[in-house]
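Geometric and topological summary
Below, each chain spelled out in residue letters.
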Amino acid sequence: MVLIDGFIELNRGGCKSYLLGCEKTRKAILIDPVRERVALYLAVLAYHGYRAEFVIDTHTHADHPSGIWDLQALTGAKLVTHRLTPAPGIDIHVCDRQRLACGSLEMTVLHTPGHTPDSISILVGERIFTGDTLLIHGTGRTDLAGGDPAIQYDSIVSQLFTLPDSTKVFPGHDYRGQTHSTIGHEKVRNPRLAGRSRQAYIDLMNDLNLPLPERIQEVLQANQTAIDDGSLKFPSLSQLNTVRQISPIELDSLLKSSPPPLLVDVSQPEEFAELGHIQGSLLIPLRQLTVRVGELESVREREVVVVSRTGVRSTTAAAILSAMGFEHVSNLEGGMLEWNEQGLPTEP
Ligand SMILES: [Fe+2]
């Protein structure tokens, strides 16, 4: 493991994390850190005299606990993810084509959904970090939470494949000991994409029948909620799948009925203020839900709608409430981001 020109892949395993440093300012970017190796990342940074400026997750990971929150707490680095990332505690929510500078390093974010809705690729100079969107001779699976093969095909073909052929591709995973590829190589050699139509790609991805990653629900929900200390017992996949989802428009009209549903917003207080909230919402951050559930005792029989930033954490909360015997619980699909997108009213 050698750091050359301020660049190194840190894990030497199937799961890839990267460090990029500005040699002049000694500011560094960490991409896709895994939680179990945070101590090693801190040692590498210290050894080479770098300070973590940005810590980036290319998407919400389902296969390993993310190290971003530990690194934020231990170094003060700013956390960067796409605006659709469900987890709280992110310092910079980025959008497609957004640029960020880290000393002399210029980053351009490309929104490349398909593996997950919040998948981004990061272009730094002649390198593109593609997360689990484009892999070497492969692509990220599209059958997990929020995945979509059609959207992924468009992200790869219309976004990544328009970069210069010489652009070096550094993926989020590789299980065959390969370190990188190029856009030009993947265009003609990637067996999932080369010579395949969009529909053929969709059919191929829908037919993969891959086994679920080990401990997916524990890992995924910990990464979706930033609760990884065992303080919350996460619901199972089948419990999550039974949560009734309602759209912002449906909720808006339900709120005009009598009695209106009780709104439980499980956001963090800073999100509640930043995104606004729906009038009458009771704020109970997800982490406090099980200890404060007594506050909802009198409404056990009533219709309850749970709300969060993107609708993911609130699906977890709705499944927890249902398991506790609340009979009429729904989730606001798309959360406050979608509510705001529809121009529906909020309170500061
Ligand atoms: Fe992934």
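Numbers given to residues run from 1 along each chain, matching the order in which its sequence is written. Local features in a predicted model are, by the rule used here, given only for residues with pLDDT of at least 70; side-chain atom pairs are given and counted only at 80 or more, and totals for whole chains, interfaces and linings are based on all residues. Excluding hydrogens and water, the side-chain figures rest on all heavy atoms present in the structure.

Okay, the pairing of strand β10 (residues 127-131) next. Exposure classes here rest on a 1.4 Å probe applied to the protein chains alone. A residue is buried below 20% of its type maximum, exposed above 50%, and partly exposed in between. Secondary structure elements follow DSSP: runs of H or I no shorter than four residues count as helices, runs of E no shorter than two count as strands, and numbering proceeds from the N terminus. Across the five residues of β10, four count as buried, placing the element largely inside the fold. Should DSSP find at least two bridges between two strands, the strands are taken to pair. Count of turn residues in the strand β9 (residues 120-124)/β10 antiparallel hairpin: two residues, of which G125 carries a positive phi of about 60°. Where β10 lies against strand β13 (residues 168-171), four bridges are found, and the strand directions are parallel. Counterpart to R127 in the pairing with β13 is K168.

Counted as donors are the N, O and S atoms within 2.8 Å of the metal, or 3.2 Å for Na, K and Ca, while water is not among the atoms, so some sites may look incomplete. For the iron ion, the protein coordination sphere consists of H59 (NE2), H115 (NE2) and D132 (OD), at 2.1 to 2.3 Å. Counting residues between consecutive donors of the iron ion along the chain gives the motif H-x55-H-x16-D. In this pair, H59 sits in the loop between β4 (51-56) and α2 (68-75) while D132 sits in the loop between β10 and β11 (134-135), placing the two residues 73 residues apart along the sequence. We classify H59 as buried; its relative accessible area is 2%. Assessed through its relative accessible area of 6%, D132 is described here as buried.

Once their charged atoms are close, side chains differing in charge can pair, the charge on each being opposite to the other. Just to be clear on terms, a salt bridge is a Lys or Arg side-chain nitrogen sitting within 4 Å of an Asp or Glu carboxyl oxygen. Following the criterion strictly, the structure yields 15 salt bridges and no others. The shortest N-O distance in the salt bridge between R287 and D229 comes to 2.9 Å. Taken as a pair, R287 in the loop between β17 (282-283) and α10 (289-292) and D229 in the loop between α6 (216-225) and α7 (237-241) lie far apart in primary sequence, 58 residues in all. By relative accessible area, which is 39% here, R287 ends up partly exposed. With a closest N to O distance of 2.9 Å, E303 and R244 form a salt bridge. Here E303 is found in the loop between α10 and β18 (304-307), whereas its partner R244 is found in strand β15 (residues 244-246), with 59 residues between them in sequence. What makes R244 partly exposed here is its relative accessible area of 44%.

Take the buried Ala, Val, Leu, Ile, Met, Phe, Trp, Tyr and Cys residues and link them wherever side-chain atoms come within 4.5 Å; each set so joined is a nonpolar core. Grouped together as the largest cluster of nonpolar side chains are 24 residues, with contacts concentrated most on V264, L286, L289, L296, V306 and L321. Listed by contribution, the elements that provide at least two residues to this core are β16 (262-265), β18 and α11 (313-323). The contact partners of V306, leaving out residues within four places of it in the chain, are V264, V266, S314, A317, A318, L321, V329, S330, N331 and L332. One finds L3, L19, Y50 and I68 within the second-largest nonpolar core, a separate group that totals 23 residues. Residues are treated as being in contact if the distance between any of their heavy atoms lies within 4.5 Å.

Helical periodicity: at 3.6 residues per turn, an α-helix aligns residues three or four positions apart in one direction. Regarding helix α5 (residues 198-206), the residues found buried are Y201, I202 and M205. Summarising the axial view, the buried residues of α5 lie within an arc of 100°, below the 170-degree limit, and thus occupy one face. Directions from the helix axis toward the C-beta atoms define the arc.

Another point: the sheet that holds strand β14 (residues 181-182). An order of β7-β8-β9-β10-β13-β14 is seen for the six strands of this open sheet, with the pairing classed as mixed. Only two strands of the sheet have a single neighbouring strand rather than two, namely β7 (99-102) and β14.

Moving on, we come to unusual backbone geometry. For the bond running from S258 to P259, omega is -5°, close enough to zero to count as cis. One can find P259 in the loop between α8 (248-254) and β16. Notably, R26 is not glycine yet its phi reads approximately 65°, a positive angle. Among the structural elements, R26 can be located in the loop between β2 (18-21) and β3 (27-31). Taking relative accessible area as the criterion, R26 reaches 29% and is therefore assigned partly exposed. For D32, which is not a glycine, the phi torsion comes out positive at approximately 55°. With a relative accessible area of 3%, D32 lands in the buried category.

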